[in-house]
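# Close look at the chain arrangement
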Amino acid sequence: MISFNVLIFAALSYVAILFAVAFLAEQRAAAGHSNWLHSPLIYTLSLSIYCTAWTFYGAVGYAARSGLEFVTIYLGPTLVMVGWWWILRKLVRIGRSQRLTSIADLISSRFGKSTLLGMVVTVISVIAATPYIALQLQSVTLSFAVFAQSGAQVWDAADFNATALWVAVGLAIFTILFGTRNLDVNERHHGIVMAIAVEAVVKLMALVAVGVFVVWGIAGGPSGMLQRIETSDITLWDQDSGRWISLIFLSGAAFICLPRMFQVLVVENADERHLRVASWAFPAYLFLMSLFVVPIAVVGLDLLPAGSNPDLFVLTVPLFEGRNGLAVLSFLGGFSSATSMVIVATIALATMVSNHIVVPVWLHLQADQHAMMSGDVRKVILLARRLSIAGILMLGFIYYRASGGGTALAAIGLISFTGTVQILPALIGGIFWRGATRIGAALGLLTGLLIWTWTLFLPSFGVEAVISQSVMELGPFGIAWLRPQALFGIAGLDPLVHGIMWSMLWNAGIFVVGSLVSFPGPLERLQGAQFVNVFERSNAAPAWTSAATGAEDLLVMSQRILGSREAQAIFETEAARQGLTGYLPEVTPEFIQHLERELAGSVGAATAHAMIGQLTGGSGVSVEDLIAVADEAAQILEYSNRLEAKSAEQEQTARALRDANTKLTALSIQKDAFLSQISHELRTPMTSIRSFSDILRDDTMSAEARERYAGIIHDEAIRLTRLLDDLLDLSVLENGQVVLNEQTGDLSSLIDRAVGAAGLHDSLLVVVRDQTAEQVTLSADLDRLVQVFINVISNARKYCDASEPRLTIDVNHTEEAYHVDFIDNGSGIAKENEQLIFEKFSRVSDQSKAGGAGLGLAICREIMHRLGGDVAYLRRKDGTAFRVTVPKAKMSAALAET
Amino acid sequence: MSRQRNSPVFLERASYKQRRLTDAARLLPLLGMVLWAIPLLWRSDTAEGTSNATSLLYVFGVWVLLIILSALIIRKLQVDTEPSQSESSD
């Protein structure tokens with residue numbers, strides 16, 4: 001028999017070695033040599049915290065009582081690991097991209113960074129974990145007692161309690177020392193993970209060693225062992241199918257939902273590829289852990305006296321056989337199982353409690369006093385975490401004391417699992433269904449928690465402890481369909497299967513219905529899209545629109561959470577990335593989002609969001625953002641819309657260019673026409689001048705003919721000169737270079753001059769005038785005005801085709817101007833030519849009669865425009881009428897001067 | 001023409017294989033569920049019920065099978081690209 005003191009010494013030495021391992025790992029990680037810490041092997045071994053003391057010791061007892069049912073606790077996780085492609089791969093990716101700190105953070109973050117949901121999940125987890133921690137304390141205490149009793153000591157209740165208390169205190173110290181050294185959970189607990197990996201190896205070795213001893217040392221090899229198993233009293237396969245399937249489901253779901261498993265699976269995951277290795281290596285570990293359970297149970301039942309506790313066969317069989325070394329190893333294995341589970345569970349729960357209960361409450365209390373500017377959040381969080389660790393262990397200890405450490409405790413492992421699994425619908429819905437909403441999740445969780453508490457948790461304290469016997473049999477207030485183990489009148493089910501079924505059905509059902517009928521907020525929808533489509537989108541959508549905050553305020557706040565060195569490093573990196581000198585970057589939405597992620601790694605998404613929100617004062621997301629970024633399709637759509645708009649714009653430009661081109665072409669045609677017109681006009685007189693001068697060279701010509709030809713040449717030369725004069729005149733007028741000589745004169749005399757100069761002496765045209773109406777004084781460039789009158793009158797002389805041509809000159813006036821109308825009794829101008837007559841070189845009738853170049857009216861109009869008046873064609877029933885408008889303004893001004 | 005078609009067909013086949021491997025990875029837990037549910041159909045009408053050794057060997061045998069299959073699939077998957085890349089087009 002080994003002495004109890006030796007055992008204490010072995011346990012303490014083992015703890016010292018763990019301390020050393022954890023310390024060395026932290027040192028190496030700090031020095032940057034953490035490569036081998038980040039290996040798939042360490043990751044796989046760290047998952048072994050699933051195998052607690054309950055499974056280390058309890059599995060053998062379970063097998064002795066219920067046969068192969070014990071294996072369901074391992075089959076569920078095996079299926080989940082083997083099916084990593086479905087859930088775990090996504091969880092790990094989400095955990096890394098969102099920097100999740102715990103399962104409460106996952107749920108809270110997914111459903112719009114909801115503080116309430118984080119609290120609910122934390123409360124569920126703490127309630128469910130407390131009995132489990134008590135179970136670990138019990139196992140360690142019992143295993144101590146086994147050695148003490150084998151050393152002929154007799155333990156009473158006080159000894160048990162003292163041992164349990166010391167174990168709890170020791171665990172609290174270890175966890176606080178290595179679990180809360182750094183705040184950023186994403187920096188990971190290298191020391192703890194390494195210590196857990198060592199413990200994983202120790203417990204596997206211990207169980208395998210006992211198993212090998214039992215199979216080869218006692219039963220004489222595998223075939224002998226099978227023989228013994230076959231003839232054993234245990235009935236291995238006598239399974240109720242409901243229980244078999246429910247338990248596989250339960251353990252698989254718990255494997256995902258347990259806070260401690262989430263911690264090692266997702267939070268401590270350093271590389272997604274580790275999951276691939278773990279997907280077969282961890283099932284192999286579970287396989288080895290359970291391979292020798294049945295042999296140990298069978299041999300234990302055979303060897304040990306009837307009535308010995310099968311839960312402790314792993315210890316008592318080697319002791320019974322006198323293998324003290326093996327027994328100590330086995331003890332250390334059980335000790336490892338208990339401690340590693342408790343350490344990780346308390347870290348995970350403490351993170352959740354501090355991030356989702358303590359800090360939000362603290363923030364809320366300090367909200368009025370602008371806490372961000374005064375308190376040190378970092379210290380508050382670390383203190384909260386340390387206190388939570390101590391508190392959770394104390395809860396476990398109290399539960400252990402209260403339950404009396406009896407066999408009732410052993411049954412609670414599965415009940416505790418069921419409580420944890422209430423998170424499953426919200427979790428699975430959250431990562432696979434974008435329609436899942438916060439209200440649905442909260443209602444589902446609360447419903448599940450309620451049913452679990454009523455059907456499993458409260459009855460687990462034992463008959464008459466919380467729920468009286470009468471309520472169990474008749475229901476509360478005699479309502480039979482509310483009986484805790486026969487809800488809705490369905491009796492006869494195994495109580496555990498009954499509880500799992502109803503709580504999960506109602507939880508999932510209410511979750512789905514609640515999600516369908518409620519409408520999520522913008523942030524919720526954004527987070528939902530990011531979680532569900534985590535593989536499609538590598539970069540997250542911006543969550544902050546208003547950046548109305550100073551970089552300094554943000555830095556001050558970040559320093560309080562991350563520590564000054566880390567915070568400054570982040571700010572400097574960002575400033576460098578933006579190309580700024582100094583350490584304060586521009587506060588862009590991207591930067592705020594990045595900072596929020598960093599903070600989330602320390603205090604959880606909901607708290608980080610709330611803190612940033614306090615500073616920026618903005619409600620993170622606007623609906624426009626959501627529409628723009630929530631869906632990748634929306635972005636593509638927007639992009640294509642932009643392209644479309646751009647191409648429409650280009651089309652418009654092209655059309656404008658085409659129009660301009662058409663105009664230019666038309667202008668060019670006009671120019672060509674003008675040039676050809678002018679050359680034609682010039683060539684005609686030139687041609688006659690040349691040909692008649694040729695004739696004149698001929699000497700044989702009579703003097704009379706010579707006289708005639710010289711006359712023609714003279715006329716043509718005059719015509720040419722006139723044409724050139726007109727052209728010059730027009731160009732001068734058009735270019736605005738004309739100088740006007742202001743004169744005052746009588747209209748009547750002007751018309752006299754014009755009629756005299758129009759060459760009417762040899763024509764039939766009769767001019768009808770109203771001399772009294774003409775008695776007005778005009779003030780203008782009178783010579784130019786006469787030029788216009790001459791032109792109009794001579795036009796009438798040339799074009800009036802009446803047999804007795806008559807030109808009526810009418811003078812009347814309005815407020816602003818005098819109208820001088822020249823009306824003849826000719827046939828008028830065809831409607832389609834009305835627009836043409838004022839154009840250059842336009843001649844309506846045949847050319848010979850006109851004898852002009854068609855510049856007259858064009859010049860007239862230019863002159864009248866210069867004088868501030870106009871000359872226009874008046875459409876009449878009979879005859880042609882031109883109206884010359886001469887403005888009065890100048891004249892009245894001139895009158896006023898006199 | 002056949003020469004031109006050779007290389008795309010080859011590439012197509014490789015990524016096709018990867019797709020089917022991810023299918024296999026997805027289906028593996030379903031296989032496990034079915035295989036572990038089968039013992040529930042065993043008849044226990046014989047006096048001593050189902051043989052202890054048989055049931056033990058069956059349950060653990062399925063376990064070994066799943067571990068080996070999973071390891072094989074992962075090995076094949078690892079030869080090629082990251083899962084995120086093959087997934088994105090999935």
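The structure presented is a predicted model; accordingly, all values stated were derived computationally and were not measured.

## Some points on the overall build of chain B
Helix and strand content of chain B: 3 helices and 0 strands. Element order for chain B, N to C, with α for helix and β for strand: α-α-α. In chain B, buried positions account for 34% of the 90 residues. The long-range fraction of contacts in chain B, counting pairs at least 24 apart against all pairs at least 6 apart in sequence, stands at 74%. Counting every atom, chain B has about 5900 Å² of accessible surface; 61% of that belongs to carbon and sulfur.

## Observations concerning the overall build of chain A
Within chain A, the regular secondary structure consists of 37 helices and 7 strands. In chain A, which comprises 898 residues, the proportion classed as buried is 54%. Long-range contacts, defined here as pairs at least 24 residues apart, represent 78% of the contacts in chain A between residues at least 6 apart. Accessible surface, chain A as shown: approximately 38800 Å² in total, 59% of it carbon and sulfur.

## Let's talk about the pattern of salt bridges
The final tally for this structure, using the stated rule, is 16 salt bridges over all chains. When the shortest N-O distance is used, the salt bridge between Arg753(A) and Asp783(A) registers 3.0 Å. Linking Arg753(A) in helix 33 (residues 747-757) with Asp783(A) in helix 34 (residues 782-799), this pair joins segments that are 30 residues apart in sequence. Judged by relative accessible area, Arg753(A) falls into the partly exposed class, the value being 43%. The class for Asp783(A) is partly exposed, based on a relative accessible area of 41%. Arg20(B) is paired through a salt bridge with Asp23(B); the nearest N and O atoms lie 2.8 Å apart. Note that Arg20(B) and Asp23(B) are positioned in helix 1 (residues 2-37) at a spacing of 3 residues, about one turn of the helix. Take Asp23(B): its relative accessible area is 27%, and that puts it in the partly exposed class.

## Here's the deal with unusual backbone geometry
Positive phi values are uncommon outside glycine, yet Lys113(A) reaches one of about 50°. Tracing the backbone shows Lys113(A) in the loop between helix 7 (103-110) and helix 8 (115-150).

## Remarks on helix 13 (residues 259-267) of chain A
The buried fraction of helix 13 of chain A is high, at 9 of 9 residues. Those residues of helix 13 of chain A that fall on the buried side of the exposure criterion are Pro259(A), Arg260(A), Met261(A), Phe262(A), Gln263(A), Val264(A), Leu265(A), Val266(A) and Val267(A).

## A word on the sheet that holds strand 6 (residues 870-874) of chain A
Residues and elements named next belong to chain A. Spatially, 5 strands are ordered 2-4-5-7-6 in an open sheet, and the strand pairing comes out mixed. At either margin of the open sheet sits one strand with a lone partner, and together these are strand 2 (766-769) and strand 6. On average, each strand axis in the sheet is tilted by 20° relative to the strand beside it, whichever way the strands run. Relative to strand 7 (residues 881-887), strand 6 runs antiparallel, the two sharing 5 bridges. Paired with valine 871 across the strands is valine 884, a residue of strand 7. Sheet contacts for helix 33: strand 2, strand 4 (806-813) and strand 5 (817-824); angle to strand 2, the most-contacted strand, approximately 180°. Here helix 36 (residues 856-866) sits on the sheet and contacts strand 6 and strand 7; the angle it forms with strand 6, its principal contact strand, is near 130°.

## Quick notes on the packing of helix 11 (residues 222-231) of chain A against helix 15 (residues 293-303) of chain A
Residue and element names in this part refer to chain A. It is at 10 Å that the axes of helix 11 and helix 15 come closest, and there the two elements cross at 65°. Here helix 11 is positioned roughly perpendicular relative to helix 15, judged by the angle of their axes. In this structure, helix 11 meets helix 15 at a crossing whose hand is left-handed. Contact residues: Met225, Arg228 and Ile229 in helix 11; Val294, Pro295, Val298, Val299 and Asp302 in helix 15. Considering only residue class, the contact of helix 11 with helix 15 consists of 6 nonpolar, no polar and 2 charged.

## Focus: the packing of helix 8 of chain A against helix 9 (residues 157-179) of chain A
All names here are of chain A. Contact pair helix 8 / helix 9: the axes reach a minimum separation of 9 Å and the direction vectors enclose 125°. In terms of orientation, helix 8 lies oblique with respect to helix 9. Crossing of helix 8 against helix 9: the hand is right-handed. Residues Leu137, Val140, Thr141, Leu142, Phe144 and Ala145 of helix 8 form the contact with helix 9, whose own contacting residues are Phe160, Thr163, Ala164, Val167, Ala168 and Leu171. Of the residues assigned to the contact of helix 8 with helix 9, the class counts are 10 nonpolar, 2 polar and no charged.

## Observations regarding the nonpolar core
Formed by 195 residues in total, the largest nonpolar core has its most connected members in Phe70(A), Leu91(A) and Trp63(B). Not counting residues up to four positions away in its chain, the partners in contact with Phe70(A) are Ala59(A), Tyr62(A), Ala63(A), Ser290(A), Val293(A) and Val294(A). Ranked by size, the runner-up nonpolar core spans 46 residues in total, among them Ile678(A), Leu807(A), Phe838(A) and Val886(A).

## Comments concerning the environment of Val264(A)
All names here are of chain A. Inspection of the secondary structure assignment puts valine 264 in helix 13. Relative accessible area serves as the criterion here: at 2%, valine 264 is assigned to the buried category. The spatial distance from the C-alpha of valine 264 to the C-alpha of valine 344 is 8.1 Å, given a sequence separation of 80 residues. The residues contacting valine 264, other than those within four sequence positions of it, are Tyr43, Ser46, Leu47, Ile49, Asn269 and Val344.

## A word on the interface of chain A and chain B
Note on interface size: it is often stated as the accessible area lost on association of the parts. Taken together, the 38 residues of chain A in the interface contact 36 residues of chain B. Between chain A and chain B, the buried area comes to about 3500 Å², and carbon and sulfur atoms account for 73% of it. In this structure, the connection of chain A to chain B is made through 0 salt bridges. Between the two partners, chain A and chain B, sit 4 residue pairs in polar contact (both at pLDDT 80 or more).

## Re the pairing of strand 7 of chain A
Residue and element names in this part refer to chain A. Among the 7 residues of strand 7, 5 are classified as buried, and the element is accordingly described as predominantly covered. As judged from the 7 bridges shared by strand 5 and strand 7, these two strands associate in the antiparallel manner. Counted as the bridge partner of valine 820 is valine 884 from strand 7. Taken together, strand 6 and the strand that follows it, strand 7, pair antiparallel across an intervening segment of 6 residues, in which glycine 879 is found at a positive phi of about 80°.

## Overview of the side chain of Gln136(A)
Residue and element names in this part refer to chain A. Within the secondary structure, glutamine 136 is located in helix 8. Taking the relative accessible area as the measure of exposure, glutamine 136 reaches 1% and is therefore buried. Among all residues touching glutamine 136, those that are not within four sequence positions of it are Thr52, Ala53, Trp54, Ser337, Ala338, Met341 and Val342.

About the criteria used
- Residues numbered from 1 in each chain as written.
- Chains lettered and ligands numbered in written order.
- Predicted model: local features only at pLDDT ≥ 70, side-chain atom pairs only at ≥ 80, totals over all residues.
- Heavy atoms only, no water.
- Helix = DSSP H or I, 4+ residues; strand = E, 2+ residues; numbered from the N terminus.
- Buried < 20%, exposed > 50% of the residue type's maximum accessible area, 1.4 Å probe, protein only.
- Contact = heavy atoms within 4.5 Å.
- Areas by Shrake-Rupley, 256 points an atom, 1.4 Å probe, with all protein chains shown as cover.
- Salt bridge = Lys/Arg side-chain N within 4 Å of Asp/Glu carboxyl O.
- Pairing = 2+ DSSP bridges.
- Axes fitted to C-alpha atoms, helices over the stretch in contact; angles between N-to-C directions.
- Parallel < 35°, antiparallel > 145°, perpendicular 65-115°, else oblique.
- Left-handed = near helix turned anticlockwise from the far one by under 90°.
- Nonpolar A, V, L, I, M, F, W, Y, C, P; charged D, E, K, R; others polar.
- Core = buried A, V, L, I, M, F, W, Y, C linked by side-chain atoms within 4.5 Å.
- Buried area = accessible area lost by both parts, 1.4 Å probe.
- Polar contact = N/O pair within 3.5 Å; in protein donor to acceptor, adjacent residues only side chain to side chain.

Shape is all these values report; function is a separate question.
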